Amino acid sequence: MDSKTLDLVATIKKTRIAFLIYIALISFPQTLWAKQSIQDFWKQQLPSGAEEVLYVRSFVLDKAYSNNWQKGQKNVDSGIILVLRVKKELVPATNEMTPVLYAGNLILQRLNIGDESGHVIVIVPEAFDLSKEIIWFGQPDLPSAVNAESIAIQRQKAEKSVKLLSEQQIQAVTLNEIRATDFSSLLGGEISRLILKYSPQEASLAKQWRLPEAKASYSKSATSQKAQ
Amino acid sequence: MKFLAKQFFKPSFQILAFLWLFNPISANAQIVDTELAGNALLEYPFFEYVKAINENATMEIAIDPSRFPEIVDQVCEIYVVNSKNESQWEVDNILLDQTRGGPETFRFSSANIQANTILIANPFDLSADAGTGFGVGYDIVLDCDRSGTLSSGDYIDGRSSESGIYMVHDSASPGPESVSVFDYNLSDSVATRFGIPPTDRAQHLFYPTNIATFEQLPLVVIGHGVGHYYDEYAHIGNHLASYGYIVVSHSNDVWVAPSNAAITTLAHTDAFIDQAETGALAGGDLVGKIDTSRIVWIGHSRGGEGVVIAYNRLFNGTYVPENYDQNDIRLISSMLPTDFKRPGSIANPNNVNYHLWTAAGDTDVTGLRGDRSQTFRIHDRATHFRHSTIVQGAGHTWFNNEESLRMGGFSPNPWFSGPCSLGPSDDIVHSILLGHLLPLIKYYVEGNVPAADFLTRQYESFRPIGVSSANPCIVVTHEHRNGAQFGNFVIDDYQTQGSTAVSSSGAQVRFNVENLLEGKLDDNDDDFTWVVTDPFNGATQAQDDDVSRGVVFDWTNENKFYEWEIPVNVRDFGQYSFISFRAAQGTQHPNTLAEREDLTFDVMVRDSSGNTSSINIGAALGGVEQPYERDDGWWNEMETSRVRISDFLNNGSAVNLENIVAIRLNFGPDHGSARGRLVLDELMLTQDIHPNTLKILEPTQISPAFAGTSIFGNRVLVRVVAAHEHYFSPETLVISVDGVPLNADQIATNPTRVGGEIWTVINLGPRADGCFDLKIESTRPPGVMAAEVDSLCYENDESRQFDRVLAIDKTNSMNWDGSSGVNSGDKMRAAQAAAKFYVDLSNPIDKIGIVSFQRRDENDDGSISEPEELSEIEFPLTLAGEGATDQREAAKSAIDLILPDTSPGFSGPETSPGSALVEAQTILNAEAMPEREKNIILLTDGLENYAPFWNEAGAFGSPIRPSFRADNIRVDTIGVGGDADDELLLDIANVTDGEFINLNEGSGSFFLLSRLSDWYKKLDEDLRGEQRFFYKEGIPKKLFEDTSNSSSLSARNQHFKREEKFAVEADLDWMTVAFHANIDDVVKVELFQPGASAPIVVDAPRVTQRVDPKYSVYRIRSPKPGEWRYVVHSEDSKVEFFATASAPTELMADLRLAPVVTKSKGKYLMPIRIWVADNKKVESAKITGYIRRPDGVKDTIHLLDVGKPVDGSAADGIYGVEYQASIPGNYFINLEVQGETSEGVPFKRFLSSGFSISGAKKKKLQFGEGLNLTKPSKQEQHEDCGKKIKYRQNSKNDIKEFC
């Protein structure tokens, strides 16, 4: 490195502090505060229920799939698709732990985040009477980490504050049972349609589930491009 | 065997490199290899030698006239030429300069390195176009005879396979290849088969469009986190694919837990390889194109934790893929990973090459409060190679490429907080990311040389061209630890030795810095505000059961220091390239707040003569980085600083790098930052070994194996170590000798993993005299090899000749019993007896010399004239001879006269083993006879308390260790007594390829005299390549009436005649049979051949015998196979007596000890291994014996071959045990191996060895020495003494008590 470059770097180092201060003033330090506020919100609000149910539809699959949201996994060949309107603060797109969503004692399989739309699309992995058991957000955790005991304790508390969805509302949004060959078909079909309708900000999910399948006879249709 | 190395010596790169660096060869005689290319610095050392230079920068060369005085006043032409390796230079030495202006001409001066620094290339002068590679190599030549060729007297940087310098292009810019991109879902059936959830079947594929023209390409797999999608990594996919990688990012099951993401990554990798090979992907373009032995995993956020958990599952065997295995994962790079620390799914990288990205302004994975996102913990769990890259001013989502951004907008939530933002566009972070990923991956996957500079040099000094150096907000720090299994020495990592005054390597630490504390690198209150009660404020490298520790201290406007003493065995810094450590500023500390800039200070080395040399860590720009001041808490941002060791020599520094006794960090106004608070860790010396490196530990050119004779093939253990143990499977190694791969019959024991090494026993069969090259080559990954030239040597045993010098301590302490304080003379007599026995183990063609040592007034002239009166030759090196020319009796008479001078003429320390070594070395080297094998046996009972010193300069100049290291003399060392300097003796033996033992005034069932004699016999067997197949202690039990009335025996012995038998196998070249008693003339032995009724008759040269009042030694050529027997006539059945028979045999059993592992204070593990093989591995042997502890207790041990790490695979003929010890001191091992050969013939072998655990109390000046006759206290007398027993030594009435 020549001396000119060294001088330049030294000058840069000297001016860095001033620049750091300047940038700090014009930056937006809102998100960390926002995250802490969300955690405070959770402390105050949880357990909490869904605001509204927007869609209810039972499904039956010709071929069961392994639902790994439940302890020990569970082969699911029927269940219920729900679309719920929820408080956005309960469903941030964070990698930290977030409130776990339950139906009664069942962990609901989340299919989207819903942080922007406030709509979450979920699977109830078995027959379930929405009018008799609560849909509720429990304490932030990894779904893999909760157990029956912790669910029971939380649910006791939830039942005191979370109301049942209104039967009338459920009936209003309940559609006829849908049948699919497998869960992948359900994802690419009805569930993708729900994503596009209720949480269009997450259209990538629908696109992903509708991608063509790789097969030995898969035709080469991709674009070749010079890397940018 | 060291003589053979010299006899057939060929220069090796390592030896030459050492010479090039520290002993410049006369320019008149040779081409001088040295580093030349790099950058000028404004302060000492005034130049940094580097491997990579950006193509838009200038290149300079420099040479230090104080290190290379021959260059002074020479006018040389300076060439930058296309790189060639050594063999290419040999056939083409023409110099063709590649710069635009042609070669520079320069007259080198004597002034200093600054005056000899020359600009030789301007920006873009030299091509950096390496295609899909990275860096174009050039060699630099100083053509001082201006011949236009590389010739004698010239200087070159880059004559080896590694170029002198590499010009590199912008690593942040795309490569030359067009990229094909595919989006698809795996089919439902494939996903189900591999366990991929239906929600996460998508893959985004990138590969060079022109893939048909490529060989197999490495695979990079990317897993996203929560809130990210599988297709948000196109910037990485396109970038790497344009450089010849196949990249696939997959949908990731991250919501349930990172452990689910782990399974998704494991399964997607497996399914991708499977589907690519079936032709289901990319229209079949990838069939046969994936190099599954080179896989990289990248994960983001929960996916970043997921890839680590995935590896952990491969590591612990809970997930077994179909199409790859653990060894194929070459690198894991986690971007801003979570760390949930869930039981059973801990993110532990274990031994994988691990890299961590951290965004200092991340508000998602914040690294702050709580226990789920302190990402440095994952990094610190990595046990081998590891890196960390911190990007200040960066948020969580600027590492991926969100949909909204691709649509032209900005992320709605960048998860960022802090000053000096690099956003809101992710362009800057992407350029940093891509610019670093390329060299990172090239380094680990391809072994790219210039890439290392991007990983190890400070960002202020060197960064990708595409990352602006004009933007002061771009602040990136690197942490880098070379984790090679060899080539590193950790001086202090604070993981052991809790005292602040002792380093983890056991040496002293001194300091006067303030508020110093060692502890866990953990902010203990999770509040990143400085308080005195939280000394490691801001540290997030460890929590709960994490173990990373370090030291923290400060200094305030005063000069202060922190200094490590260097352990004796690593003081030769010439064998290392860098001093390396990691450090961080203590966040929010008042001193950190007061000096808001990088911290700088001096690194100083001091040699044994007190010479010093210092380099400031900011010399090449940078320092310990100023922490990022985000809104809520600052991290301790660890950054690695490395100082090139050879730079300490610049400008005539008098420091002797071969004997550095201390590294000191000097802080304060005179050394850099006036004040500061520093967290420090991982001070180490490193050779910078690349993980894709194999090394042959045994045999080597320096220490070749005796592979046999023209009629007999010996079994040879080959030990290989990989810089990264899991990157090479034993099954993938091909062994060649002299360029010819061995066939199955030549491999007795297939390569198998033993501890951290790979062992195989080869069986080459007979060959003509000479030494042969050994080569080990890996087929997976291909192209990695290790070779040791001339490491397998053949010589007809008949002609092997030994020059042997016995160096015997005769200081006054040798007369005194160390534990009882009795002036018994026992140690001295034992030393004499064993030495005489050894003399009689010599063959007539061997030479014998005797040296004794004691500092004394030898000529009684009232003064001590040194060094003459430190040691003396008691018997000059003389041919043993036979018959009329026999000199052995004379040598033994000389030994009898070796006694302490009880009037040494002074009072003070007497012990100078160094003087004896020098004396012995001098007489051994007096005659240049390279065919003779040279050996010294050094016996001492004391500490080295008088010069010349082994590893320190003293009254007679330099330490003697370097000269012995460079010599070809094997030195076996023996400590007798609890005060012998075991560490010194062990180091002497290690350096010279000898063996060390401390017999602790009697080990095992015998006391010192017998055990010492037995050990000398064992050394003789080792040297001659004999296997001990019979060993019996004690007079044979079977008592019978002697009716023969043999005239050869005195009548008084007839009542105690006893008999023992031993089997001798067929086709032995010769056999040595020895009988030894500890008391003169008490035992008589007769030896009988199979079927003979009369004792064997001496018939030289077929049968020779040496006799002494204590022993007899037979050497018998072509001994008759069958049952031999010996009859003992003794009047005393309790005399210490042993009988041995040994010979070079087809079946070999050999013992190897690994270094003692310190688990914790008072808990040590000694791995003990024995391999047994004849033409094949020998299974089902029974190996039992005992270990005698320092307290005299014998522990029974069994060595097993059951497939534990200590014994390799089950039933591989390698047996082992991990012996658990708890007492510092000396341990003696005695083992018996018995079983059946591979052909079903019963056999026995007897092996012994010893080891020491440091920490036992030593008396510097022993009782007796320097006529110090103060008796030890009772407590001292009984220290380490389990129980006292009575024994006799030397004479039947000489009864002693002993431990």
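For clarity, every value in this text was computed on a predicted model and none was experimentally measured. Numbering of residues begins from 1 in every chain and follows the order in which that chain's sequence is written. Chain labels run from A onward and ligand labels from 1 onward, assigned in the order the entries are written. Residue-level local features of this predicted model are given only where pLDDT is at least 70; pairs of side-chain atoms are given and counted only at 80 or more, and the full residue set underlies all totals for whole chains, interfaces and linings. For side-chain calculations, the full set of non-hydrogen atoms in the structure is used, while hydrogens and water are omitted.

Focus: the overall build of chain A
Consideration 1: Numbering of helices and strands starts at the N terminus; helices are DSSP runs of H or I of at least 4 residues and strands are runs of E of at least 2. A count of helical and extended segments in chain A gives six helices and 10 strands.
Consideration 2: Counting every position in chain A, which comprises 228 residues, the buried fraction comes to 52%.
Consideration 3: Expressed as a percentage of contacts within chain A between residues at least 6 apart in sequence, the contacts between residues at least 24 apart total 72%.
Consideration 4: When the accessible surface of chain A is totalled, it reaches about 11000 Å², and 53% of it is carbon and sulfur. Any residue under 20% of the maximum accessible area for its type is buried, any over 50% is exposed, and the rest in between are partly exposed; the area is computed with a 1.4 Å probe on protein chains only. For this analysis, residues touch if any pair of their heavy atoms sits within 4.5 Å. Accessible areas in this description were obtained via Shrake-Rupley with a 1.4 Å probe; residue shielding takes into account the shown protein chains only.

Details of the overall build of chain B
Consideration 1: In terms of helices and strands, chain B carries 19 helices and 64 strands.
Consideration 2: Structurally, chain B occupies a C-alpha span of about 115 × 75 × 70 Å along its principal axes.
Consideration 3: For chain B, the proportion of its 1299 residues judged to be buried stands at 66%.
Consideration 4: Considering only contacts within chain B whose residues lie at least 6 apart along the sequence, 76% involve residues at least 24 apart.
Consideration 5: Of the roughly 41900 Å² of accessible surface on chain B, 49% is carried by carbon and sulfur atoms.
Consideration 6: His residues and chain termini do not enter the charge count, which takes Lys and Arg as positive and Asp and Glu as negative. Lysine's charge is taken at NZ, arginine's at CZ, aspartate's at CG and glutamate's at CD. Placing the 113 positive and 182 negative side-chain charges of chain B at their respective mean positions leaves the two points 9 Å apart.

Focus on the packing of helix α5 (residues 234-241) of chain B against helix α10 (residues 427-446) of chain B
Residue and element names in this part refer to chain B.
Consideration 1: Note on definitions: angles span 0 to 180 degrees between N-to-C directions of axes, and those axes are lines fitted to C-alpha atoms, for helices only across the stretch in contact. The geometry of α5 relative to α10 is characterised by a closest axis approach of 10 Å and an angle of 40 degrees between their N-to-C directions. Between α5 and α10, the interaxial angle falls into the category oblique. By crossing handedness, the relation of α5 to α10 is classed as right-handed. Contacts between α5 and α10 involve His235, Ile236, His239 and Leu240 on the former and, on the latter, His430, Leu433, Leu434, Leu437, Leu438 and Ile441.
Consideration 2: Split by residue class, the contact of α5 with α10 holds seven nonpolar, three polar and no charged. Small angles under 35 degrees read as roughly parallel and large ones over 145 as roughly antiparallel, with 65 to 115 read as roughly perpendicular and the rest as oblique. We call a crossing left-handed when the near helix sits turned anticlockwise from the far one by less than a right angle, and right-handed when that turn is clockwise. Gly counts as polar in this scheme, as do all residues outside two lists: the nonpolar Ala, Val, Leu, Ile, Met, Phe, Trp, Tyr, Cys and Pro, and the charged Asp, Glu, Lys and Arg.

Looking at the packing of helix α6 (residues 258-278) of chain B against helix α7 (residues 302-315) of chain B
Residues and elements named next belong to chain B.
Consideration 1: Across the interface, α6 lies against α7 with an axial gap of 7 Å and an inter-helix angle of 65 degrees. For the element pair α6 / α7, the angle class is roughly perpendicular. Crossing of α6 against α7: the hand is right-handed. Side by side, α6 and α7 meet where Pro258, Ser259, Ala261, Ala262, Ile263, Thr265 and Leu266 of the first sit next to Arg302, Gly303, Glu305, Gly306, Val307, Ile309, Ala310, Arg313 and Leu314 of the second.
Consideration 2: Its residues assigned to classes, the contact of α6 with α7 comprises nine nonpolar, four polar and three charged.

Remarks on empty space enclosed by the protein
Consideration 1: Buriedness for pockets is judged along seven lines, at least five of which must meet protein on both sides within 12 Å for an open set on the 1 Å grid over protein atoms alone, while cavities are sets there where a 1.4 Å probe fits but cannot get out, and lining residues have an atom within 4 Å of a point. Grid points are joined across faces, edges and corners, and a volume is the space filled by probe spheres set on the points. Evaluation of the coordinates by the stated rule reveals eight cavities of 30 Å³ or more.
Consideration 2: Taken together, 23 residues form the lining of the largest cavity, with Leu111(A), Leu205(A), Asp200(B), Asn252(B) and Trp255(B) sitting closest to its centre.
Consideration 3: Listed by contribution, the elements that provide at least two residues to the lining of the largest cavity are β6 (109-110) and α6 (203-209) of chain A.
Consideration 4: In terms of residue count, the dominant contributor to the lining of the largest cavity is α6(A) (three residues).
Consideration 5: Here the lining of the largest cavity is composed, by residue class, of 10 nonpolar, nine polar and four charged.
Consideration 6: Size it by volume and the second largest cavity reaches roughly 180 Å³.
Consideration 7: What lines the second largest cavity is a set of 17 residues, among which Trp69(A), Thr98(A), Pro99(A), Arg110(A) and Trp255(B) lie closest to the centre.
Consideration 8: Here the element with the most residues in the lining of the second largest cavity is strand β4 (residues 98-103) of chain A; it accounts for four residues.

With respect to the sheet that holds strand β51 (residues 1103-1107) of chain B
All names here are of chain B.
Consideration 1: Pairing between strands is defined by DSSP: at least two bridges between them are needed. The five strands are arranged β47-β54-β49-β52-β51 in an open sheet whose pairing can be described as antiparallel. Two strands close off the open sheet at either side, each with one partner strand: β47 (1027-1033) and β51. Strand-to-strand twist of the sheet, defined as the mean angle between neighbouring strand axes without regard to direction, takes the value 10 degrees.
Consideration 2: Across six bridges, strand β49 (residues 1070-1077) lies against strand β54 (residues 1137-1143) in antiparallel orientation. Within the sheet, the bridge partner assigned to His1076 lies in β54 and is Phe1138.
Consideration 3: Contacts from helix α13 (residues 826-840) reach β49, β51, β52 (1111-1117) and β54, with the element oriented near 20 degrees to β52.

Looking at the layout of surface pockets
Residues and elements named next belong to chain B.
Consideration 1: In this structure, the second largest pocket spans a volume of roughly 1200 Å³.
Consideration 2: Phe1029, Ala1063, Phe1243, Lys1244 and Arg1245 are the residues nearest the centre of the second largest pocket, which is lined by 48 residues in total.
Consideration 3: For the lining of the second largest pocket, the element with the highest residue contribution is strand β48 (residues 1057-1064), accounting for six residues.
Consideration 4: Its residues assigned to classes, the lining of the second largest pocket shows 21 nonpolar, 11 polar and 16 charged.

Some points on the sheet that holds strand β62 (residues 1242-1253) of chain B
All names here are of chain B.
Consideration 1: Here we have four strands laid out as an open sheet, ordered β59-β58-β61-β62, and antiparallel in their pairing. Looking at the sheet topology across the chains shown, the edges are occupied by β59 (1194-1199) and β62. The mean inter-strand angle of the sheet, taken between neighbouring strand axes irrespective of direction, is 20 degrees.
Consideration 2: Sheet topology note: the strand β61 (residues 1225-1236)/β62 ladder contains 12 bridges and is antiparallel. Across the sheet, the residue bridging to Asn1226 is Ser1252, located in β62.

Some points on the nonpolar core
All names here are of chain B.
Consideration 1: What makes a nonpolar core is a set of buried Ala, Val, Leu, Ile, Met, Phe, Trp, Tyr and Cys residues whose side-chain atoms join them at distances within 4.5 Å. Residues Ile236, Ile246, Phe272, Trp297 and Phe399 are the most contacted members of the largest nonpolar core, which totals 135 residues.
Consideration 2: Sort the elements by how many residues they give to this core and α10 lands first, with 11 residues.
Consideration 3: Core analysis: the next-biggest nonpolar cluster, separate from the first, contains 43 residues, Ala831, Leu1008, Tyr1016 and Tyr1186 among them.

Examining the pattern of salt bridges
Residues and elements named next belong to chain B.
Consideration 1: Salt-bridge detection follows one rule: a side-chain nitrogen of Lys or Arg within 4 Å of a carboxyl oxygen of Asp or Glu. Per the stated rule, a full pass over the model turns up 87 salt bridges over all chains.
Consideration 2: Arg294 is the partner of Asp291 in a salt bridge, and the nearest nitrogen-oxygen pair spans 2.6 Å. Across the pair, exposure class does not vary: Asp291 and Arg294 are buried alike.
Consideration 3: Across the pair Arg642 and Asp688 runs a salt bridge whose closest N-O atoms are separated by 2.8 Å. Separated by 46 residues along the polypeptide, Arg642 in strand β29 (residues 639-644) and Asp688 in the loop between β31 (675-686) and β32 (694-698) bring together distant segments of the chain.
Consideration 4: Residue class for Arg642 comes out buried when judged on its relative accessible area of 18%.
Consideration 5: Asp688 gets classed as partly exposed once you look at its relative accessible area, which sits at 26%.

A short note on unusual backbone geometry
Both trends apply: most residues other than glycine have a negative phi, and most peptide bonds are in trans.
Residues and elements named next belong to chain B.
Consideration 1: Going from Tyr44 to Pro45, the amide bond is cis rather than trans, its omega being 15 degrees.
Consideration 2: The backbone of Gln497 shows a phi angle near 60 degrees, a positive value even though the residue is not glycine.
Consideration 3: Judged by relative accessible area, which is 39%, Gln497 ranks as partly exposed.
Consideration 4: The backbone of Ala1211 sits at a positive phi, close to 55 degrees, despite the residue not being glycine.
Consideration 5: Mapping Ala1211 onto the fold places it in the loop between β59 and β60 (1214-1221).

Some remarks on the state of the cysteines
All names here are of chain B.
Consideration 1: By disulfide we mean two sulfur atoms from cysteines, separated by a distance within 2.5 Å. If you walk through the whole model with that rule in mind, you get three disulfides over all chains.
Consideration 2: Paired through a disulfide, Cys420 and Cys473 show a sulfur-sulfur distance of 1.6 Å. Between Cys420 and Cys473, the S-S dihedral sits near -80 degrees, and the bridge is therefore left-handed. With Cys420 in the loop between α9 (403-406) and α10 and Cys473 in the loop between α11 (451-456) and β20 (476-481), this residue pair connects regions lying 53 residues apart in the sequence.
Consideration 3: Sulfur-sulfur distance for the disulfide between Cys771 and Cys793 comes to 2.0 Å. Here Cys771 and Cys793 share a disulfide; its torsion about the S-S bond, 110 degrees, makes the bridge right-handed. With a gap of 22 residues between them, Cys771 in strand β39 (residues 770-779) and Cys793 in strand β40 (residues 782-794) connect regions that are remote in the sequence.
Consideration 4: For Cys771, a relative accessible area of 10% corresponds to the buried category.
Consideration 5: Take Cys793: its relative accessible area is 0%, and that puts it in the buried class.

Some remarks on the confidence of the model for chain A
Residue and element names in this part refer to chain A.
Consideration 1: The predictor's confidence in any single residue is recorded as pLDDT, a number from 0 to 100. Scored by pLDDT, chain A comes out at a mean of 83, with 78% of its residues at no less than 70.
Consideration 2: Within chain A, the element-level pLDDT minimum falls on strand β10 (residues 224-226), averaging 42, and the maximum on strand β7 (residues 119-124), averaging 98.
Consideration 3: Here residues 218-228 scores under 50 on pLDDT; set against residues more than four positions off or in separate chains, the count is 33 contacts.

Some points on the pairing of β31(B)
Residue and element names in this part refer to chain B.
Consideration 1: Of all the 12 residues making up β31, 11 are buried; the element is thus mostly covered by neighbouring parts of the structure.
Consideration 2: Pairing analysis gives four bridges linking strand β21 (residues 488-492) to β31, with the strands arranged antiparallel. Residue pairing in the sheet places Asn488 in a bridge with Thr686 of β31.
Consideration 3: Of the pairings in the sheet, the one linking strand β24 (residues 549-556) to β31 comprises six bridges and is antiparallel in character. Bridging across to β31, Thr556 finds its partner in Arg675.
Consideration 4: Bridging between strand β26 (residues 578-585) and β31 involves seven bridges; their strand directions are antiparallel. Each residue of the ladder has a partner; that of Phe578, found in β31, is Thr686.

Examining the environment of Ser161(A)
Consideration 1: Counting through the fold element by element, Ser161(A) comes out in helix α3 (residues 148-161).
Consideration 2: Distance in space between the C-alpha atoms of Ser161(A) and Pro212(A) is 45 Å, their sequence separation being 51 residues.

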